[in-house]
Amino acid sequence: MSTSGVMVNPGVQSTFQKLSEGRKEYRYIIFKIEEREVIVEAAVTPEELGVTGDDYEDSSKAAFEKFVADIKQRTADLTDCRYAVFDFKFTCSRVGAGTSKMDKIVFLQICPDGATIKKKMVYASSASAIKASLGTGKILQFQISDESEMSHKELLSKLTEKYADN
């Protein structure tokens, strides 16, 4: 349980495992707090996304843009908070290895400026509970407060900066 008294539904962890392990059934998952519990709002498969082509070629741009559109629709154009995980596929240059295909899961804590202060406080104080449930040790975490921080270019830049050899 989090400091806010919000519990994490067991379905959160089992759904996340279907994104992070083995066959990777899902491409992204959106979570929300409902009645003092973090629940799965949406779990979207690669087939449901309908993205064709090689995700590594466009560094997940088409898939990520559909994800952002889904988030905006579910948050009434970023006036509500959510948590989400996205399976980000991209390429980056590594010294001695040339261009490498990377596959990283990103955790987004979306607390937009347009959300009420109460909502932002509940999501902020409950974040540790969902992160513990997901076991986010191997996941990159980002806090999003406005749409520019959720741009494909911004996240791709942070990912390549972290994983490319400098």
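Thresholds applied
Residues numbered from 1 in each chain as written. Predicted model: local features only at pLDDT ≥ 70, side-chain atom pairs only at ≥ 80, totals over all residues. Heavy atoms only, no water. UniProt positions renumbered as here; feature names shortened; annotations may be inferred. Phe/Tyr/Trp six-rings, centres within 6.5 Å; stacked < 30°, edge-to-face > 60°. Helix = DSSP H or I, 4+ residues; strand = E, 2+ residues; numbered from the N terminus. Buried < 20%, exposed > 50% of the residue type's maximum accessible area, 1.4 Å probe, protein only. Lys NZ or Arg CZ within 6 Å of the ring centre and 35° of its normal. Salt bridge = Lys/Arg side-chain N within 4 Å of Asp/Glu carboxyl O. Pairing = 2+ DSSP bridges. Contact = heavy atoms within 4.5 Å. Axes fitted to C-alpha atoms, helices over the stretch in contact; angles between N-to-C directions. Parallel < 35°, antiparallel > 145°, perpendicular 65-115°, else oblique. Left-handed = near helix turned anticlockwise from the far one by under 90°. Nonpolar A, V, L, I, M, F, W, Y, C, P; charged D, E, K, R; others polar.

As annotated in an unreviewed UniProt entry, the chain is ADF-H domain-containing protein from Caenorhabditis auriculariae. UniProt lists a comment for the chain under the heading Sequence similarities (unreviewed entry), and it reads "Belongs to the actin-binding proteins ADF family."

With that settled, consider the packing of aromatic side chains. If you walk through the whole model with that rule in mind, you get eleven aromatic pairs. Taking the centre distance of 5.1 Å and the plane angle of 90 degrees together, the rings of phenylalanine 64 and phenylalanine 86 count as edge-to-face. You can see phenylalanine 64 sitting in helix 3 (residues 61-74) and its partner phenylalanine 86 sitting in strand 4 (residues 82-94), a full 22 residues away along the chain. Residue classification places phenylalanine 64 among the buried positions, given a relative accessible area of 1%. When the centroid spacing of 5.1 Å and the interplanar angle of 40 degrees are considered together, the rings of phenylalanine 67 and phenylalanine 86 count as tilted. Note that phenylalanine 67 is positioned in helix 3 and phenylalanine 86 in strand 4, a separation of 19 residues in sequence. Owing to a relative accessible area of 0%, phenylalanine 86 belongs among the buried residues under this scheme. Above the face of the tyrosine 163 ring, lysine 162 is positioned so that its terminal group lies 5.9 Å from the ring centre.

For the rest of this paragraph, the subject is the pattern of salt bridges. For the coordinates displayed, the defined rule picks out 14 salt bridges. Here aspartate 70 and arginine 74 are joined by a salt bridge, their closest N and O atoms 2.7 Å apart. In this pair, aspartate 70 and arginine 74 both sit in helix 3, four residues apart, roughly one turn of the helix. With relative accessibility at 27%, the residue arginine 74 sits in the partly exposed group. A cluster of three or more residues bridged by salt bridges with shared partners is formed by Glu41, Asp70, Arg74, Asp80, Arg82 and Lys119.

This part is about the pairing of strand 4. The buried fraction of strand 4 is high, at ten of 13 residues. With four bridges connecting them, strand 2 (residues 28-34) and strand 4 associate as antiparallel partners. Among the inter-strand pairings, phenylalanine 31 is bridged to a residue of strand 4, identified as tyrosine 83. Adjacent in sequence and paired antiparallel, strand 4 and strand 5 (residues 98-110) are bridged by three residues, among which glycine 96 carries a positive phi angle near 85 degrees.

Glancing now at the sheet that holds strand 4. The strand order across the open sheet built from six strands is 1-3-2-4-5-6, with neighbouring strands paired in mixed fashion. Looking at strand neighbours, the two that pair on one side only are strand 1 (7-8) and strand 6 (140-144), the edges of this open sheet. Summarising the sheet, strand 2 and strand 3 (residues 37-44) pair through seven bridges and their orientation is antiparallel. Directly across from phenylalanine 31, in strand 3, lies its bridge partner valine 40. Along the sheet, helix 5 (residues 152-163) contacts strand 4, strand 5 and strand 6; its crossing angle with strand 4, the most-contacted strand, is approximately 55 degrees.

Turning our attention to the packing of helix 1 (residues 10-20) against helix 4 (residues 117-134). With their axes 9 Å apart at the nearest point, helix 1 and helix 4 run at an angle of 50 degrees to one another. Taken together, the axes of helix 1 and helix 4 are oblique relative to one another. Once helix 1 is placed against helix 4, the crossing between them reads as right-handed. Here helix 1 contributes Val12, Gln13 and Phe16 to the contact with helix 4, which in turn contributes Ile130, Ser133 and Leu134. Classifying every residue of the contact of helix 1 with helix 4 gives four nonpolar, two polar and no charged.

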